[in-house]
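# Notes for the structure review
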Amino acid sequence: MSAATLSRFESALKELDVTVSRVGREEFRAHVEEVVRPHAVGVDLTETFDDPALSLEETSVEVDPAPATLREAKTGVTGATLGIADYGSVVLTATDRASELASLFVERHVAVIRAEDVEADMASAVDALGIQLRETGGSAVIATGPSSTADMGALVKGAHGPREVHVVVVEEK
């Protein structure tokens, strides 16, 4: 991933009204506290990243919440396995603990992605994702911006998912 690709990813996110921040691994947990709104739920990010520095331990985010807690949550934190710079999309791979629920039933979705996982375009993302999904037999969702619909006329945000999205890009520093 080049600096130009990461810059294009951030620009595409901003065009979608998605806020974005960059943070180093050491500051990750403190930064999570700055971008979540209570009550926050999430999934174990070590399932996505296999990196203890990107864990939600010692944060206010409740990992693996009960359904009633998920319904009341304002923020959901999930890991994104890939980003697609051309579209400002994040790829959310389904986990055994239903990570997609933490991104769909909340007002604010915080997607965490490593800078090196941002692909330049859809073709390179599909190539990378195809290898992963063939190996695991899993599935993924490509999410682009806040949920919105204009089915009934005027654009309505948050109709089928979060009204707000914030992407945290974690860099090696």
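Residues numbered from 1 in each chain as written. Predicted model: local features only at pLDDT ≥ 70, side-chain atom pairs only at ≥ 80, totals over all residues. Heavy atoms only, no water.

### Some remarks on the UniProt feature "domain: LUD" (unreviewed entry) in the protein
Feature annotation in UniProt assigns "domain: LUD" (unreviewed entry) to the following positions: residues 7-170. Taken end to end, residues 7-170 has its terminal C-alpha atoms 14 Å apart, with 29% of it in helix and 29% in strand. (UniProt positions renumbered as here; feature names shortened; annotations may be inferred. Helix = DSSP H or I, 4+ residues; strand = E, 2+ residues; numbered from the N terminus.)

### Description of helix H6 (residues 122-136)
Helix length check: H6, at 15 residues, gives a terminal C-alpha distance of 20 Å against a target of 21 Å (1.5 Å per residue), a fit within 8%. For H6, the complete set of buried residues consists of Ala125, Leu129 and Gly130. The arc that holds every buried residue of H6, seen down its axis, measures 135 degrees, which confines them to one face. When the buried face of H6 is taken as reference, the exposed residues oriented beyond 90 degrees from it are Ala123, Asp127, Arg134 and Glu135. As for H6, its buried residues are in contact with strand S5 (82-84), strand S6 (89-93), strand S8 (118-119) and strand S9 (140-143). Its side-chain oxygen placed 3.4 Å from the backbone nitrogen of Ala123, Asp121 serves as the N-cap of H6. (Expected span 1.5 Å × (residues − 1). Buried < 20%, exposed > 50% of the residue type's maximum accessible area, 1.4 Å probe, protein only. Arc of directions from axis to C-beta. Contact = heavy atoms within 4.5 Å. Polar contact = N/O pair within 3.5 Å; in protein donor to acceptor, adjacent residues only side chain to side chain.)

### Topic: the pairing of strand S7 (residues 108-114)
Counting buried residues along S7, 6 of its 7 residues qualify, which places the element largely inside the surrounding structure. Where strand S4 (residues 75-79) lies against S7, 5 bridges are found, and the strand directions are parallel. Its bridge partner being in S7, Val77 is matched across the sheet by Val110. Looking at chain direction, S7 and strand S12 (residues 164-171) are connected through 7 bridges and run parallel. The residue bridging Arg108 from the neighbouring strand is Glu164, located in S12. (Pairing = 2+ DSSP bridges.)

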